[in-house]
Amino acid sequence: ASASWTLPSIGSVFTSFFPSTTGLWTFDSRLADEFPTLAERFQAAGFDTYGTARHDFFTSKSGLVQGFADSTQSWRPPARRRQPGRRLEPPRIAG
């Protein structure tokens, strides 16, 4: 790993640049558009790109979703709709 925590490490995996080059050092850091990601390179080559992750840094705020045509954060539960006549129960966590 190029760093001891997620944001700079994943930024390095996605761009092949060290955190010292991308500037991803703090929790509020953002990957600048000038650093092309692997997803952007695939998209430029004509591939469809979709990203999914179970981490809070996988957002447009951090810039890590650059190049993905669509993305989801799989740890966020989908919005639940209430059905008439049924009580809305809290989600059950498997484990």
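Look up a bit, the structure's there.
Okay, so let's go over this structure.

Before going further, it helps to spend a moment on the overall build of the protein. Helix and strand counts for the protein stand at three helices and two strands. Element order for the protein, N to C, with α for helix and β for strand: α-α-α-β-β. Looking at the protein as a whole, 29% of its 95 residues qualify as buried. Long-range contacts, defined as pairs at least 24 residues apart, comprise 32% of the intrachain contacts of the protein with a sequence gap of at least 6.

Here the focus is the side chain of S29. With respect to the helices and strands, S29 occurs in the loop between α2 (19–22) and α3 (38–44). A distance of 3.1 Å separates a polar atom in the side chain of S29 from the backbone nitrogen of W25. At 2.8 Å, the side chain of S29 forms a polar contact with the backbone nitrogen of T26. Ignoring sequence-local partners within four residues, the contact set of S29 consists of L7, G23, L24, K61 and S62.

A full pass over the atoms with the stated rule returns seven aromatic pairs. Aromatic pair F42 and F47: ring centres 5.3 Å apart, planes at 85°, arrangement edge-to-face. Grouping aromatic residues by their ring pairs yields a cluster made of W5, F27 and F57.

Right, let's get into the nonpolar core. Listed in full, the nine residues of the largest apolar core are L7, L24, L31, F35, A53, F57, F58, L64 and V65. In this structure, V65 is in contact with F58, T59, S60 and S71, ignoring residues within four places of it in sequence.

Mapped onto the secondary structure, V65 falls in the loop between β1 (50–53) and β2 (70–73). Relative accessible area serves as the criterion here: at 16%, V65 is assigned to the buried category. Linking V65 and A53, residues twelve residues apart in sequence, is a C-alpha distance of 10.0 Å.

With that settled, the discussion passes to a nonpolar patch on the surface. On the surface, L38, F42 and F47 cluster together into a nonpolar patch covering about 300 Å² of accessible area. One can find F47 in the loop between α3 and β1. The partly exposed category is assigned to F47, whose relative accessible area is 47%.

Reading the values: rules and limits
Residues numbered from 1 in each chain as written. Predicted model: local features only at pLDDT ≥ 70, side-chain atom pairs only at ≥ 80, totals over all residues. Heavy atoms only, no water. Helix = DSSP H or I, 4+ residues; strand = E, 2+ residues; numbered from the N terminus. Buried < 20%, exposed > 50% of the residue type's maximum accessible area, 1.4 Å probe, protein only. Contact = heavy atoms within 4.5 Å. Polar contact = N/O pair within 3.5 Å; in protein donor to acceptor, adjacent residues only side chain to side chain. Phe/Tyr/Trp six-rings, centres within 6.5 Å; stacked < 30°, edge-to-face > 60°. Core = buried A, V, L, I, M, F, W, Y, C linked by side-chain atoms within 4.5 Å. Patch = residues over 30% accessible without salt bridge, like charges linked within 9 Å, V, L, I, M, F, W, Y side chains within 5 Å. Areas by Shrake-Rupley, 256 points an atom, 1.4 Å probe, with all protein chains shown as cover. Salt bridge = Lys/Arg side-chain N within 4 Å of Asp/Glu carboxyl O.

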